[in-house]
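# Per-entry structural report
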Amino acid sequence: MKDDLSGQKGGEATRLIHAGQGRGRKYRTVGPPIERGSTILMADAASLYDDDLTTYGRAGLSVQATLSAALAELEGAAKVRLFPSGLAAVAGAMLAVLKAGDDVLVCDTIYNPSRRFCEHVLKRFGVGVRYYPPRASAEDLLALATPATRLMVIESPGSLTFEMQDAPAIADLARSRGILTLMDNTWAAGLCFKPLAHGVDISVQALTKYVGGHSDVFMGSAATARPDLAEALTSAIRDFGWSVAPDDAYQMLRGMRTLATRMERHAASGLVVAKWLEQHAAVAKVLYPALPGADDHDLWKRDYAGAAAVFSVVFKPCSDTAIAAFLDELRIFQLGYSWGGFESLALNCDPQFSARQWPPKLAGPSVRLSIGLEDPADLIADLEAGIAAMAGV
Ligand SMILES: *Cc1c(COP(=O)(O)O)cnc(C)c1O
């Protein structure tokens, strides 16, 4: 046995390299131990080739395993696999189940970098990619399928414009035709909507957003209840060599512990701010399915147990200069991509619509807001000042 390497004799270099090594775990802490290891020291020669043992750290050690187990609980999944970013999880899950000659139907409102992956990588490897409008019914969607259609990619609500899709109906019809479904469920954070319980085969999310919650770490997850798909995800991760650092996994796990509590506050503040915006004379519409009376509110209410606090506000027709004046006037809302952190963020949407096959027909320019954990009254005052600045240009 080579377990205890401390107390090594020999030259100083040898002694310094092995001093204190192999002392083992002594304390039981609330969080799992962070094991920073590529190499795992094996007990004896036979262990080096024992397939039942973990012999290398790439697939993760204690922290990553604890995070996967916690996410499996969140998603109601048999297995959850971790990826270095949300985008890597979307791309990786697609690569895990697709082959040349397959056809994929993708929601037109998909997160733009996910679309770029489809265009740049899937097409190059002989996978056909077609898009469908976000409010296509399950029947319309199935009518687009061909015998080559292997996968449907749902993102609901859609990025920037927040159209809801009837994911349960799509999953149901797709399954009856032997087509897999993958849903990017980042908005619901695995908490407000449970894709697997509604028949979706693979639930993906960018943990970077709400699960992390602090805008400081990248990670993604893919969850499934099906053993064959869990195996496909595991193989893809092994074959591509994707790995997640233990420190990042630890931070993600820490975020997960407060997820449910934070989401409640996000959702409550989001609704207060959205209601205030909705009645403002400068505003044409608020795109937020959790808002009573908003587009797709009934679908949201039917399937969702809660809401994220990311939505868009459509202003009445005005110039780009007025939108820039609005954004530049904001003091509490900061300008930045991403969302789901404790801090409020804003971003103008319109420059991103050109990637779409069916750009949205909105009354005026739109701005996406991520409502953070600040006092909602302060956020409203900030928005009010921003809107006042629009009038001055
Ligand atoms: C941010 C985001 C991603 C990508 O996550 P990263 O961790 O930034 O790669 C994927 N899907 C959606 C809906 C997102 O908002």
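Computed from a prediction, not measured in an experiment: that's the story for all the values here. (Residues numbered from 1 in each chain as written. Predicted model: local features only at pLDDT ≥ 70, side-chain atom pairs only at ≥ 80, totals over all residues. Heavy atoms only, no water.)

## So, the overall build of the protein chain
The test is simple: Only runs of H or I of at least four residues qualify as helices and only runs of E of at least two qualify as strands under DSSP, and these elements are numbered from the N terminus. Exposed residues in this analysis have more than 50% of their type's maximum accessible area, buried residues have under 20%, and partly exposed residues fall in between, with area computed by a 1.4 Å probe over protein chains only. To measure how exposed things are, a 1.4 Å probe is used in the Shrake-Rupley method; for residues, cover is taken only from the protein chains shown. As used throughout, the charge tally considers Lys and Arg to be positive and Asp and Glu to be negative, leaving His and the chain termini uncounted. Taken as the charge centre is NZ of Lys, CZ of Arg, CG of Asp or CD of Glu, depending on the residue.
What the protein chain contains, in helices and strands, is 12 helices and 12 strands. Counting only C-alpha atoms and orienting by the principal axes, one finds that the protein chain spans roughly 80 × 50 × 35 Å. Counting over 393 residues, the protein chain shows a buried share of 51%. Carbon and sulfur atoms form 54% of the exposed surface of the protein chain, whose accessible area is close to 18300 Å². Each charge class in the protein chain was averaged separately, 38 positive and 44 negative side chains, and the resulting centres sit 4 Å apart.

## Describing the sheet that holds strand β11 (residues 345–348)
Applicable threshold: Paired strands, as defined in this entry, are two strands with at least two bridges between them according to DSSP. When checking whether two residues touch, look at their non-hydrogen atoms; a contact exists if any pair is within 4.5 Å. Lines fitted to C-alpha atoms define the axes, with helix axes restricted to the stretch in contact, and inter-axis angles between N-to-C directions lie between 0 and 180 degrees.
Reading across the sheet, the 5 strands line up as β8-β9-β12-β11-β10 and stay open at both edges, with mixed pairing between neighbours. Since the sheet does not close on itself, it has two edges, and those belong to β8 (283–287) and β10 (334–335), each with one partner. One ladder, built from 4 bridges, connects β8 with strand β9 (residues 310–315); its direction is antiparallel. Looking at β9, one finds that lysine 285 is bridged to valine 314. On top of the sheet, helix α11 (residues 320–329) reaches β9, β10, β11 and β12 (366–370); it is set at about 165° to β11, its chief contact.

## Regarding the packing of aromatic side chains
Test applied: Each aromatic pair joins two rings of Phe, Tyr and Trp (for Trp, the six-membered one) with centres within 6.5 Å, and gets the label stacked for planes under 30 degrees apart, edge-to-face for over 60, and tilted for any other angle. Our definition puts a charge over a ring when NZ of Lys or CZ of Arg is within 6 Å of the ring centre and also within 35 degrees of the ring normal.
Counted under the stated rule, the structure contains 7 aromatic pairs. Ring-pair connections join several aromatic residues into one group, and the members of that group are Phe83, Phe240 and Trp242. Over the ring of tyrosine 131 we find arginine 115, and its NZ or CZ is 3.9 Å from the ring centre.

## What about the pattern of salt bridges?
When the charged atoms of two side chains lie near each other, side chains of opposite charge can form a pair. The line we're drawing: The term salt bridge refers to a pairing of a side-chain nitrogen on Lys or Arg with a carboxyl oxygen on Asp or Glu at a separation within 4 Å.
A full pass over the atoms with the stated rule returns 13 salt bridges. The partner of lysine 99 in a salt bridge is aspartate 102, and the shortest N-O contact between them spans 2.9 Å. With a closest N to O distance of 2.6 Å, arginine 175 and aspartate 201 form a salt bridge. Placement of the pair is arginine 175 in helix α6 (residues 167–176) and aspartate 201 in the loop between β5 (180–184) and β6 (202–206), with a sequence separation of 26 residues. Linked by salt bridges that have partners in common, Arg175, Asp201, Arg226 and Asp228 make up one network.

## Focus: the domain arrangement of the protein chain
The cut-off we apply is this: Residue ranges for the domains originate in an automatic or database domain assignment. What counts as buried area is the accessible surface, traced by a 1.4 Å probe, that two parts surrender upon association, with contributions from both included.
You can read the domains of the protein chain as domain 1 (60–256) and domain 2 (259–391). One C-alpha centre belongs to domain 1, the other to domain 2, and the line joining them spans 25 Å. Opposite the 39 residues of domain 1 that make contact, domain 2 presents 39 residues. Taking both sides of the interface into account, the surface hidden between domain 1 and domain 2 amounts to around 3400 Å²; carbon and sulfur atoms contribute 61%.

## Comments concerning the nonpolar core
To keep things clear, this is the line we draw: What we call a nonpolar core is a set of buried Ala, Val, Leu, Ile, Met, Phe, Trp, Tyr and Cys residues that are connected through their side-chain atoms within 4.5 Å.
Core analysis: the largest hydrophobic core is formed by 86 residues, its most contacted members being Trp187, Leu277, Tyr288 and Leu369. Counting residues domain by domain, this core receives three or more from each of domain 1 (60–256) and domain 2 (259–391). Residues within four places of tyrosine 288 in sequence aside, it is in contact with Trp187, Ala267, Gly270, Leu271, Ala274, Ala294, Ala307, Ala308, Ala309, Val310 and Phe311. Within the second largest apolar cluster, 31 residues are counted, among which are Cys118, Leu122, Leu182 and Trp242.

## A few points about the environment of serine 156
Here serine 156 is to be found in the loop between β4 (149–155) and α6. As a C-alpha pair, serine 156 and leucine 141 span 15 residues in sequence and 15 Å in three-dimensional space. Not counting residues up to four positions away in its chain, the partners in contact with serine 156 are Glu163, Met164, Gln165, Met183, Asp184 and Tyr304.

## Quick notes on the site of the ligand
Here is the rule: For this purpose, a residue is taken to be near a molecule or strand whenever a single non-hydrogen atom of the residue falls within 4 Å of it. Counted as a polar contact is a pair of N or O atoms within 3.5 Å, where, for protein atoms, one must be capable of donating a hydrogen and the other of accepting one, and residues adjacent in sequence contribute only when both atoms are in side chains. Each residue gets one label: Ala, Val, Leu, Ile, Met, Phe, Trp, Tyr, Cys and Pro are nonpolar, Asp, Glu, Lys and Arg are charged, and the others, such as Gly, are polar.
Taken together, the neighbourhood of the ligand is formed by Ser85, Gly86, Leu87, Tyr111, Glu155, Asp184, Thr186, Ala206, Thr208, Lys209, Phe218 and Trp339. A distance of 2.7 Å separates an oxygen atom of the ligand from a polar atom in the backbone of glycine 86. Contacts to the ligand include aspartate 184, whose side-chain N or O atom sits 2.6 Å from a nitrogen atom. Relative to its unbound accessible surface of 380 Å², the ligand loses 92% to contact with the protein. Within the shell around the ligand, the residues separate by chemical class into 5 nonpolar, 4 polar and 3 charged.

## A few points about the sheet that holds β6
Strand order in the open sheet formed by 7 strands is β1-β7-β6-β5-β4-β2-β3, and the pairing between neighbours is mixed. Two strands close off the open sheet at either side, each with one partner strand: β1 (79–83) and β3 (128–132). The average undirected angle you get between the axes of adjacent strands in this sheet is 20°. Sheet topology places β6 next to strand β7 (residues 220–224); 5 bridges connect them, and they run antiparallel. Counted as the bridge partner of alanine 206 is glycine 220 from β7. The strands touched by helix α4 (residues 112–122) are β2 (103–107) and β3; relative to β3, the strand with the most contacts, the crossing angle is about 155°.

## Some points on the side chain of asparagine 185
By the secondary structure assignment, asparagine 185 is in the loop between β5 and β6. Once residues lying within four places of it in the same chain are set aside, the contact partners of asparagine 185 are Gly190, Phe193, Pro195, Ser203, Val204, Gln205 and Tyr304.

## A few points about unusual backbone geometry
A cis amide bond, omega -10°, links serine 156 with the succeeding residue proline 157. Within the element layout of this structure, proline 157 appears in the loop between β4 and α6. Of note in this structure, serine 215 is not a glycine but carries a positive phi near 55°. With respect to the helices, strands and loops of the structure, serine 215 is situated in the loop between β6 and β7. The phi angle at serine 338 is positive, at roughly 75°, despite the residue not being glycine.

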